[in-house]
Amino acid sequence: MAPDATLDYLGPPRSCDAVLGALTTPVRGWFREQFGTPTPAQRLAWPILGVGKHLLLSAPTGTGKTLAAFVPILDVLLRQPCAGGTRCLYVAPLKALVNDARKNLRRAIRGMAVWSVRSANRAASRSEAITLRIGVRTGDTAARVRRALSLAPPDILLTTPESLAVLLSQQAFCDSLHAVHWIVIDEIHALAGNKRGADLSLGLERIVAAAADEPQRIGLSATCAPLGETARFLAGTDRPCTVAAINDATPLDLRIEPVPDDGGFFQRLVEQVAPELEANRSTLIFTNTRGLAERLAWTLRRHFPQWDDAIACHHSSLAFGRRRRVERLFKQGHLRAVISSTSLELGIDIGSVDGVVLVHPPGGVVRLLQRVGRSGHGPGRRRRGLVLTASPAELLEAAVTGAGSRDGQAEPLQIPEHPLDVLCQHLAGMACQRSWLKDEALAVVRRAYPYGRLPLSEFNACLDYLSGRRSNSESWLPARLRWDGDEFRIVDSRTGKLLRRNLGTIVADEPRLVRIRDGFPVGELDDAYADRLQPGDRFLLDGRCLELRQNDGPDLFVDEVPGRPAVPRWGKDGPPLAPALAERLYLFRIRAAEALREGPSRLADLLRHEYGLTGNALDQLADYVERQESVSEIPDARALLIEAVQSAHGVDYYVHTPLNRAGNDALARVAMRRLRHDRGVGGTSVVADLGFALLFRRAVTLGADDWRNLFASDDFENDLNAAVDDSITLRERFRRVAQTGLMVLRNPLGGRRRVGGPDWAERRLFDQVRAAEPDFVLLRQALREVREVCCAGNSAERFLQDIPCRDVKVRVLATVSPFVDSWTQLAAGPAEHALNAMEALRRLQPALGVAG
């Protein structure tokens with residue numbers, strides 16, 4: 001990563017009188033009338049913003065972070081209302097957050113303007129009130145509104161990273177940036193750790209290049225860690241940034257309860273959710289998948305017919321209008337319960353929530369804090385959460401995640417290092433704006449923190465690709481850029497228009513819109529699922545049973561009907577287990593084994609006092625640990641445990657590790673490649689969290705020395721590259737990179753179409769590009785992502801480097817151990833609790849993640 005910025009961590013917040021006294025009379029009067037006294041977060045932030053320093057504000061949900069950022073800004077804008085351009089830019093990861101910000105800012109400005117009139121001793125009237133123009137630019141903004149924003153830039157512009165990238169490719173917008181003085185980035189942790197953050201960081205540097213003076217950057221988050229890395233991302237390379245952090249002192253009331261496994265998992269789940277709905281005025285229920293959210297909403301409506309209109313579903317595949325209506329009704333107190341997947345994790349304004357229920361653990365401490373933090377939304381209010389688990393392995397995960405939440409062990413942010421496909425997008429966008437010298441463009445790019453150490457060779461490779469040439473200057477692709485001496489710009493206006501239609505880093509298969517027959521949109525289905533539907537088929541969407549009437553065009557037309565619907569499947573559904581959480585789960589097992597050696601009562605004390613378990617949860621987890629020790633042993637840090645089980649077809653080996661599924665994917669691929677290469681042995685690998693399986697169709701004997709050779713760290717990177725060289729994973733990743741890098745266009749001019757079919761990039765283009773240019777920049781980026789993200793090669797290699805210091809234990813068992821048996825539930829989905837035999841594991845290999 002780039003060199004460290006200078007970080008300044010603030011001490012205790014200043015007094016209320018001191019910070020309010022620095023505001024003008026209208027703003028101070030409005031604030032006192034509406035809120036009374038500033039929160040600690042606001043008392044920390046306002047003095048720093050008043051002197052123009054970059055600021056990262058980390059504070060719990062409900063502590064007034066948005067007002068902490070905007071009150072000083074509005075104070076200046078109301079005193080100096082005219083500047084001839086956009087003066088404040090607000091960027092959020094969700095369109096719903098943008099809309100909430102617009103609503104809250106308009107309300108605040110109206111109140112401040114009235115106080116301005118009062119302070120001037122004039123009669124308050126709307127015509128006399130000072131006003132500021134607020135504009136919104138997202139993918140939902142109508143064309144006429146976009147044109148109006150271009151002709152008359154608002155004082156405050158609210159947008160998303162994707163829309164900002166489009167705006168920055170338009171010279172008219174860039175001309176309006178000369179007056180930008182503040183940039184506010186909300187929920188910065190949701191952006192910094194992925195390509196959307198890399199996209200945003202480049203966009204910020206382009207704004208700086210267009211502005212008259214460097215804008216002040218303000219980042220807001222409730223769960224970012226580490227603070228220093230997030231602050232450096234916010235400020236950019238070698239810029240100072242002040243960090244203001246408020247610890248969460250509000251109580252966390254977290255209960256963990258297993259769902260009884262005596263048959264009928266879903267019925268038992270509803271029975272445990274029902275008391276929460278009856279006891280609370282409002283309950284927010286989180287699931288890890290959209291399909292489960294739909295099914296649970298539909299089932300709860302049937303279970304509580306008196307609340308049919310008071311139970312709603314909310315996820316990203318529902319129509320925008322439906323989601324906004326649910327948010328509004330929930331805030332107004334008209335809904336008893338809302339069931340969501342991930343779409344309500346961030347700070348969308350849904351008002352006060354009495355309690356939060358999580359169906360299955362969320363996969364990490366940050367996500368747990370975000371979800372439970374939606375309850376008790378306000379300073380000092382108790383956050384109440386209930387986590388329901390479907391298996392002992394889930395119970396273990398929930399206990400460790402809950403303990404980490406209470407101890408503040410948020411997973412560290414991992415900022416992607418110079419993703420080249422995103423860089424190609426921005427170079428093309430910069431070229432749409434004006435002509436650039438190569439060195440000038442490189443300087444702008446390297447000021448973005450993820451690109452602070454971008455090699456010159458990679459920068460040149462991106463320019464070569466966009467110019468349609470190989471590294472030897474031979475032409476081979478259609479050019480996006482043209483050169484005039486040492487300067488480059490877009491090749492023509494048509495190409496510029498084409499590129500603007502395809503900017504963005506969110507890559508997903510094109511969905512199919514579902515409409516009630518009067519034309520009103522309900523939501524979207526994945527194209528692969530929608531293609532299989534026939535008229536008369538029934539499926540769930542918006543928590544309702546819908547029957548397909550027409551499927552002969554781009555949209556599906558449906559009617560709402562009674563009956564038993566099927567649950568749609570959306571691709572890439574469900575959060576992965578965080579790597580840091582996988583390590584803590586492994587550490588818990590070691591601690592549990594040590595406690596068990598002192599006796600069952602010592603283990604019970606550990607679970608009760610350090611992990612907060614009682615009743616059935618304590619008994620079930622203690623039994624899980626004891627059964628593992630009885631059947632096999634509990635893996636520990638001193639040995640590598642491998643369990644061998646004879647099957648009807650051969651022998652299966654199960655390797656226990658402290659890695660999540662991505663890390664185990666890398667180990668499994670390398671192990672299978674080495675077996676094929678060195679011994680001519682073929683088999684199948686199946687990966688899960690905390691371990692993986694090697695399954696053979698014949699008797700294969702592998703002793704401790706064989707495993708040491710398989711897990712030697714020498715040449716690991718080369719073997720991993722070779723293992724994924726022609727894999728489905730690499731081909732699919734290349735499709736995504738090619739779309740982000742503007743090689744494959746999602747939205748061509750003249751309408752949407754798929755050249756060569758939906759899998760053309762994996763099936764044909766991948767082979768063509770690799771044959772023509774094996775070292776092509778987007779191929780290298782795809783391979784890097786497979787190695788670092790899909791397979792977590794770095795963590796896998798670090799694990800292998802410790803193998804020489806460990807014993808290798810190969811235990812031959814008559815049946816799979818309890819820990820291995822839980823892999824079927826963890827990998828296949830906890831709702832399918834009946835899948836608890838290894839033959840089911842074999843049948844589910846494609847869903848679990850077959851390496852190769």
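Just so you know, these numbers come straight off a predicted model, no measurement behind them. (Residues numbered from 1 in each chain as written. Predicted model: local features only at pLDDT ≥ 70, side-chain atom pairs only at ≥ 80, totals over all residues. Heavy atoms only, no water.)

(A) Highlighting the overall build of the protein chain. Along the protein chain, the regular secondary structure elements total 34 helices and 28 strands. The globule rule puts the C-alpha radius of gyration for 852 residues at 29 Å, and the 28 Å found for the protein chain is close to it. Dimensions of the protein chain, computed from the C-alpha atoms along their principal axes, are close to 90 × 70 × 60 Å. Long-range pairs, those at least 24 residues apart, make up 73% of the contacts in the protein chain with a sequence separation of at least 6. For the protein chain, the exposed surface amounts to about 34000 Å²; the carbon and sulfur share of it is 48%. Distance between charge centroids for the protein chain: 6 Å, based on 111 positive and 102 negative side chains. (Helix = DSSP H or I, 4+ residues; strand = E, 2+ residues; numbered from the N terminus. Rg over C-alpha atoms; globule rule 2.2 N^0.38 Å. Contact = heavy atoms within 4.5 Å. Areas by Shrake-Rupley, 256 points an atom, 1.4 Å probe, with all protein chains shown as cover. Lys, Arg positive; Asp, Glu negative; His and termini not counted. Charge placed at Lys NZ, Arg CZ, Asp CG, Glu CD.)

(B) Main features of the pairing of strand β9 (residues 252-258). On β9, burial follows the alternation: L252, L254, I256 and P258 on one face are buried, whereas D253, R255 and E257 on the facing-out side are not. Note that β9 and strand β14 (residues 383-389) share 7 bridges and pair parallel. Opposite E257, over in β14, you have L388 as the bridge partner. (Buried < 20%, exposed > 50% of the residue type's maximum accessible area, 1.4 Å probe, protein only. Pairing = 2+ DSSP bridges.)

(C) Inspection of unusual backbone geometry at higher detail. Here A225 and P226 are connected by a cis peptide whose omega angle stands at -5°. Within the secondary structure layout, P226 lies in the loop between β7 (216-221) and α11 (227-235). Despite not being glycine, D542 shows a phi value in the positive range, around 65°. Position of D542 among the secondary structure elements: in the loop between β20 (538-541) and β21 (544-550). Positive phi values are uncommon outside glycine, yet L690 reaches one of about 70°. Examined against the element boundaries, L690 turns out to sit in the loop between β25 (684-688) and β26 (691-695). A relative accessible area of 4% places L690 in the buried class.

(D) Looking closely at the sheet that holds strand β13 (residues 355-359). Pairing in this open sheet of 6 strands is parallel, and the strands run β9-β14-β13-β10-β12-β11 from one edge to the other. Lying at the two open borders of the sheet, with one neighbouring strand each, are β9 and β11 (311-314). Sheet twist, expressed as the mean angle between neighbouring strand axes with direction ignored, is 20°. Here β11 runs beside strand β12 (residues 337-340); their pairing, made up of 4 bridges, is parallel. (Axes fitted to C-alpha atoms, helices over the stretch in contact; angles between N-to-C directions.)

(E) Inspection of empty space enclosed by the protein at higher detail. Evaluated as defined, the whole model comprises 1 cavity of 30 Å³ or more. Roughly 60 Å³ of internal volume is contained in the largest cavity. The wall of the largest cavity is formed by D253, R255, E276, G355, V356, V357, R384, G385 and L386. Elements supplying a minimum of two residues to the lining of the largest cavity: β9, β13 and β14. Of the residues belonging to the lining of the largest cavity, the class tally is 3 nonpolar, 2 polar and 4 charged. (1 Å grid on protein atoms, 1.4 Å probe; cavity = no way out; pocket = protein on both sides within 12 Å on 5 of 7 lines; lining within 4 Å. Points joined across faces, edges and corners; volume = space filled by probe spheres on them. Nonpolar A, V, L, I, M, F, W, Y, C, P; charged D, E, K, R; others polar.)

(F) Looking closely at helix α10 (residues 195-210). With 16 residues, α10 extends 23 Å between its outermost C-alpha atoms, agreeing within 8% with the 22 Å of an ideal straight helix rising 1.5 Å per residue. Of all 16 residues making up α10, 14 are buried, and the element is well covered by its neighbours. By the N-cap criterion, in which a side-chain oxygen at the helix start approaches the backbone nitrogen of a residue two or three places on, α10 is capped by N194, the distance to R196 being 3.0 Å. (Expected span 1.5 Å × (residues − 1). Polar contact = N/O pair within 3.5 Å; in protein donor to acceptor, adjacent residues only side chain to side chain.)

(G) Summary view of the packing of aromatic side chains. One pass over the full model with this rule turns up 17 aromatic pairs. Here the aromatic rings of Y653 and F696 are separated by 6.1 Å at their centres, their planes lie at 75°, and the arrangement is edge-to-face. Separated by 43 residues along the polypeptide, Y653 in strand β24 (residues 651-656) and F696 in the loop between β26 and α26 (704-710) bring together distant segments of the chain. Relative accessible area serves as the criterion here: at 4%, Y653 is assigned to the buried category. Using a relative accessible area of 1% as the deciding quantity, one classes F696 as buried. Ring centres of F692 and F711 lie 6.2 Å apart, and the angle between their planes is 80°; on these two criteria the pair is classed as edge-to-face. Of this pair, F692 sits in strand β26 while F711 sits in the loop between α26 and α27 (716-724), and the two are 19 residues apart along the sequence. An aromatic cluster of three or more residues is present, and its members are Y653, F692, F696, W707 and F711. Above the plane of the ring of W436 lies R434, whose end atom (NZ or CZ) is 3.7 Å from the centre. Directly above the ring of F819 sits R589, whose terminal nitrogen or CZ lies 3.8 Å from the centroid. (Phe/Tyr/Trp six-rings, centres within 6.5 Å; stacked < 30°, edge-to-face > 60°. Lys NZ or Arg CZ within 6 Å of the ring centre and 35° of its normal.)

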